[in-house]
Amino acid sequence: MIRWLLSIGVAILALGNCASAGDDVIPNVVLGIHGGIGEDKKDMTPEIEARVRAALNAALKAGKAKLDTGGTSLDAVETAIRVMEDDSILNAGRGAVFTHEGRNELDASIMDGKTKKAGAVASVTTVKNPISAARAVMEKTRHVMLIGEGAEVFAAKQGLEIVDPSYFWTEHEWKAILDIWKKEAAARNNGQAVIPAIAKPHLGTVGAVAIDAQRNLAAGTSTGGLQNKMHGRIGDSPIIGAGTYADNEAAAISCTGTGEFFIRFSVSHEIVAQMKYKKVSSKEAAEDVINRQLKELNAEGAAIVLDKSGQFTTARNSEGLYRGWITADGAVTVRIYE
Ligand code: ASP
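Remember, predicted model here, so these are calculated numbers, not experimental data. (Residues numbered from 1 in each chain as written. Predicted model: local features only at pLDDT ≥ 70, side-chain atom pairs only at ≥ 80, totals over all residues. Heavy atoms only, no water.)

Asker: What is the right way to read the environment of L226 from this model?
Answerer: On the secondary structure map, L226 appears in the loop between β6 (217-223) and β7 (244-246). Along the chain, L226 and E287 lie 61 residues apart, while their C-alpha atoms are 23 Å from each other. (Helix = DSSP H or I, 4+ residues; strand = E, 2+ residues; numbered from the N terminus.)

Structure representation (structure tokens):
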């Protein structure tokens, strides 16, 4: 009887793990994307879901069109991410979350798996498409990361579109930060120490991984960061080796989740390192980092991984992950909680 109960328990645990273990390995993928951990299932509405699915579909199609017309994996990654930055339903570019001070501060990075060149911008408030600024840093400077005003001046000089900070404002994100401020004020009135509360920290950071006809890999990530973050806080998304990494010898990776943990665990590089030196598959490496190392600390997050043979997989310890992929023959898959 006890053994029977134990085996049922083990089966339930295994099922539980399956449910949060991400996608199986999918072959022949040329572009994979994510739009962050997203809404909790209980808060998801048909309207939000339709908008998220439309955004992911549009990003996949635009990125694939680049590849089909001779574009590189970098072109596909940049294009797909620009589409998601422009869509206000996701937490990148327009629609970014607000800081504790009520601003939108954006981070992005991109990496070329062939040359291992990389570029990033952080804490920018006027660059319409931070991913393009990150790419310009990679291609036009001898640096890897520019931040704040320096990044904005550089982006303008590169002819990238500059917008008023109000461009990033959206009603749903503004309501969310007002709600947090209200709770903080109530806590203050009750004499409680005020810790910037993070109601729903992960809303829709975006990322993309691609492989092109020359079998070169690229990865990129763009975000408004964590809701209610401190002014000047920088997450993992613009940090090469944390939120983004690409190496033609292994895989291209983009992450989403509580950035502080992704920085501390060098998540994207750790996945590549396990693949290269431990000789494990992309799935095993990603599951180890996301569902063992991070999960042990209750660090929520996910990674999408495209390996050098075009096999795509994801690992997550969150309820959902906005994600999708497109294969060489143009078949599109978009998933959220499944
Ligand atoms: N990783 C992002 C950050 O910490 C947030 C996210 O992925 O939702 O800035």
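Asker: What am I meant to see in unusual backbone geometry here?
Answerer: One non-glycine residue, S266, adopts positive backbone phi at about 40 degrees. Looking at S266, the relative accessible area reads 35%, which means it is partly exposed. (Buried < 20%, exposed > 50% of the residue type's maximum accessible area, 1.4 Å probe, protein only.)

Asker: Sorry, what's going on with the site of the ligand here?
Answerer: Every one of the eleven residues lining the ligand counts as a neighbour, but T205, R233, D236, T256 and G257 are closest to it. Take T256: an N or O atom from its side chain is 2.6 Å from an oxygen atom of the ligand. G259 places a polar main-chain atom, nitrogen or oxygen, 2.9 Å from an oxygen atom of the ligand. Contact with the protein chains removes 100% of the 270 Å² of surface that the ligand exposes when unbound. (Near = heavy atom within 4 Å. Polar contact = N/O pair within 3.5 Å; in protein donor to acceptor, adjacent residues only side chain to side chain. Areas by Shrake-Rupley, 256 points an atom, 1.4 Å probe, with all protein chains shown as cover.)

Asker: What's the story with the sheet that holds strand β12 (residues 332-335) in this structure? I'm lost.
Answerer: In a beta sheet, neighbouring strands pair by backbone hydrogen bonds and run either parallel or antiparallel. Here eight strands make up an open sheet; going across it, the order is β4-β3-β2-β6-β5-β1-β11-β12 and the pairing mixed. Sheet topology places β4 (145-147) and β12 at the edges, where each strand pairs with a single neighbour. Mean inter-strand twist for the sheet, computed between neighbouring axes without regard to direction, equals 10 degrees. With three bridges joining them, strand β3 (residues 118-124) and β4 adopt parallel strand pairing. Each bridged residue has a counterpart across the sheet, and for A122 the counterpart in β4 is I147. With respect to the sheet, helix α2 (residues 46-68) is in contact with β1 (29-34), β5 (206-211), β11 (323-327) and β12, its orientation differing from that of β1 by roughly 145 degrees. (Pairing = 2+ DSSP bridges. Axes fitted to C-alpha atoms, helices over the stretch in contact; angles between N-to-C directions. Contact = heavy atoms within 4.5 Å.)

Asker: Help me understand the packing of aromatic side chains in this model?
Answerer: Two numbers describe a pair of aromatic rings. These are the distance of the centres and the angle of the planes. If you walk through the whole model with that rule in mind, you get five aromatic pairs. For the ring pair W169 and W174, a centre distance of 6.4 Å and an interplane angle of 45 degrees mean the geometry is tilted. Since its relative accessible area comes to 25%, W174 is described here as partly exposed. Taken together through their ring pairs, the aromatic side chains of F98, W169, W174 and W181 make up a single cluster. The lysine or arginine in question, R94, covers the ring of Y167, its NZ or CZ lying 5.8 Å from the ring centre. (Phe/Tyr/Trp six-rings, centres within 6.5 Å; stacked < 30°, edge-to-face > 60°. Lys NZ or Arg CZ within 6 Å of the ring centre and 35° of its normal.)

Asker: Please clarify how the pairing of β6 should be interpreted in this entry.
Answerer: Along any regular strand the residues' side chains alternate between the sheet's two faces. When you tally the buried positions in β6, you get seven out of seven residues, the bulk of the element. Neither face of β6 is left uncovered, since the one carrying L217, A219, T221 and T223 and the one carrying A218, G220 and S222 both have all their residues buried. Across six bridges, the pairing between strand β2 (residues 106-112) and β6 is antiparallel. Across the sheet, the residue bridging to A108 is S222, located in β6. Sheet topology note: the β5/β6 ladder contains six bridges and is antiparallel.

Asker: Help me out: how do you make sense of the pattern of salt bridges in this one?
Answerer: Side chains bearing opposite charge may pair, as long as their charged atoms lie close to each other. Enumeration over the complete set of coordinates arrives at 22 salt bridges. Of the charged contacts, one joins R233 and E260 as a salt bridge, the two residues approaching to 2.8 Å between their closest N and O atoms. Here E260 lies in helix α7 (residues 259-264) and R233 lies in the loop between β6 and β7, a separation of 27 residues in the sequence. Of the residues examined, E260 reaches a relative accessible area of 32% and is grouped as partly exposed. Taken together, the salt bridges that share partners define one network made up of D75, E78, R135 and E139. (Salt bridge = Lys/Arg side-chain N within 4 Å of Asp/Glu carboxyl O.)

Asker: Honestly, the sheet that holds strand β9 (residues 301-307) in this entry has me stumped. Any pointers?
Answerer: With respect to topology, four strands assemble into an open sheet ordered β7-β8-β9-β10, the strand pairing being antiparallel. In the strand order of this sheet, the two ends are held by β7 and β10 (312-316), each with one partner. Going across the sheet, the axis of each strand differs from the next one's by a mean of 10 degrees, ignoring polarity. Taken together, the seven bridges between strand β8 (residues 251-257) and β9 define a ladder with antiparallel strand orientation. Across the sheet, the residue bridging to S254 is I304, located in β9.

Asker: Any chance you could explain the nonpolar core here in plain terms?
Answerer: The nonpolar side chains of a soluble globular protein tend to be buried with one another. If you look at the biggest cluster of nonpolar residues, it comprises 86 residues, and the most contacted ones within it are I33, V267 and I271. Considering each element in turn, this core owes the most residues, seven residues, to α2. Discounting chain neighbours no more than four positions away, the residues touching I33 are L56, A59, L60, A80, M84, G207, A208, I304, Y322, R323 and G324. (Core = buried A, V, L, I, M, F, W, Y, C linked by side-chain atoms within 4.5 Å.)

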